[in-house]
Amino acid sequence: MTRRAAILVSGTGRHLEHIGRLCQAGELDLEVGLCLSNKPGVLALERAEALGIPQLVLDPERNLNDAGFSHAAFTAIQDAGCDLILLAGFLRMLVVPRAWNGRVLNIHPSLLPAFGGKGCWGHHVHQAVLDRGCQVTGCTVHVVDNQYDHGPIVLQRTCPVEPNDTVDTLAARVFEVERDAYPDAIRQYLADA
Ligand code: GRF
């Protein structure tokens, strides 16, 4: 039976768009039932709208604490009939209730456990990789637990760090790897479920 996923975003929603298109083309056996954002007005919401994916902005003024935000998010996700959550550039702490253990995935733009944790996101990750002189980097798709970038790894993909890389050139190379890594990890996850 086709699973129904909520995709959680805070920014441009590149994975949301790619995964949404793959689902609609029948290349990923998944339905996207909700795009939930903690930020209003982000490009991800426009992309969801264009794909016909229902959208919800939750707590844009940050009135809720992490537990309150998470409770509201899981309630909305369940009400939307979703039983799987994909974090895709989502930058708020999500406290995963026990009933959802193993059903929340995230993609991170480094080879975890290196360059993960609080504050390690986006260009901060790639800058740290360059500062350390890494010759290889990549991305990790993992199951989300209640520590940042910590849960069991589903899939990793690598790419080289080139001598003249800037944060932007490296970020672009890693994202190219991410584009296939997330759908491949989801397929693997669904096959193993
Ligand atoms: C990706 O680099 C992913 O690894 C990270 O967020 C980025 C995608 O979000 N978790 P966006 O398209 O930039 O909003």
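Everything below is about the structure printed above this text.
Just so it is clear, the structure is predicted and the values come from calculations on it, not from any experiment.

Draft legend 1. Spatial organisation of the pairing of strand S2 (residues 30–37). By the criterion of burial, S2 is predominantly enclosed, with seven of the eight residues buried. Both strand S1 (residues 3–9) and S2 contribute to a ladder of seven bridges, which runs parallel. Along S2, the bridge assignment pairs Arg3 with Leu30. Note that the unit made of S2, helix H2 (residues 43–51) and strand S3 (residues 55–57) has a crossover that is right-handed.

Draft legend 2. Here's a closer look at the pattern of salt bridges. Summed over the entire model, instances satisfying the criterion amount to nine salt bridges. Between Arg4 and Glu31 there is a salt bridge whose closest N-O contact spans 2.6 Å. With Arg4 in strand S1 and Glu31 in strand S2, this residue pair connects regions lying 27 residues apart in the sequence. Here Arg173 and Asp165 are joined by a salt bridge, their closest N and O atoms 2.7 Å apart.

Draft legend 3. Up close: the nonpolar core. Residues Ile7, Ile19, Leu30, Leu86, Leu105, Tyr182 and Ile186 are the most contacted members of the largest nonpolar core, which totals 38 residues. Looking at this core, the element that brings in the most residues is helix H5 (residues 167–192), giving eight residues. Two domains each donate at least three residues to this core, and these are domain 1 (1–100) and domain 2 (107–193). When near neighbours in sequence (up to four residues on either side) are disregarded, Leu86 contacts Ala5, Ala6, Ile7, Leu8, Ile19, Leu30, Leu105, Tyr182 and Ile186. Residues Leu58, Phe69, Phe74 and Leu87 belong to the second largest nonpolar core, which totals 19 residues.

Draft legend 4. Quick look at the site of the ligand. Taken together, Gly11, Thr12, Gly13, Arg14, His15, Gly89, Ile107, His108, Pro109 and Glu178 make up the full set of residues adjacent to the ligand. In the model, an oxygen atom of the ligand is placed 3.2 Å from a nitrogen or oxygen of the Gly13 main chain. Take Ile107: an N or O atom from its main chain is 2.8 Å from a nitrogen atom of the ligand. For the ligand, whose unbound accessible area comes to 370 Å², protein coverage reaches 82%. Counting residues per element, the ones that place at least two in the shell around the ligand are helix H1 (14–24) and strand S5 (104–108). Across the shell around the ligand, the residue classes tally to two nonpolar, six polar and two charged.

What counts as what
Residues numbered from 1 in each chain as written. Predicted model: local features only at pLDDT ≥ 70, side-chain atom pairs only at ≥ 80, totals over all residues. Heavy atoms only, no water. Buried < 20%, exposed > 50% of the residue type's maximum accessible area, 1.4 Å probe, protein only. Helix = DSSP H or I, 4+ residues; strand = E, 2+ residues; numbered from the N terminus. Pairing = 2+ DSSP bridges. Right-handed = clockwise from strand over helix to strand, strands pointing away. Salt bridge = Lys/Arg side-chain N within 4 Å of Asp/Glu carboxyl O. Core = buried A, V, L, I, M, F, W, Y, C linked by side-chain atoms within 4.5 Å. Domains from an automatic or database assignment. Contact = heavy atoms within 4.5 Å. Near = heavy atom within 4 Å. Polar contact = N/O pair within 3.5 Å; in protein donor to acceptor, adjacent residues only side chain to side chain. Areas by Shrake-Rupley, 256 points an atom, 1.4 Å probe, with all protein chains shown as cover. Nonpolar A, V, L, I, M, F, W, Y, C, P; charged D, E, K, R; others polar.

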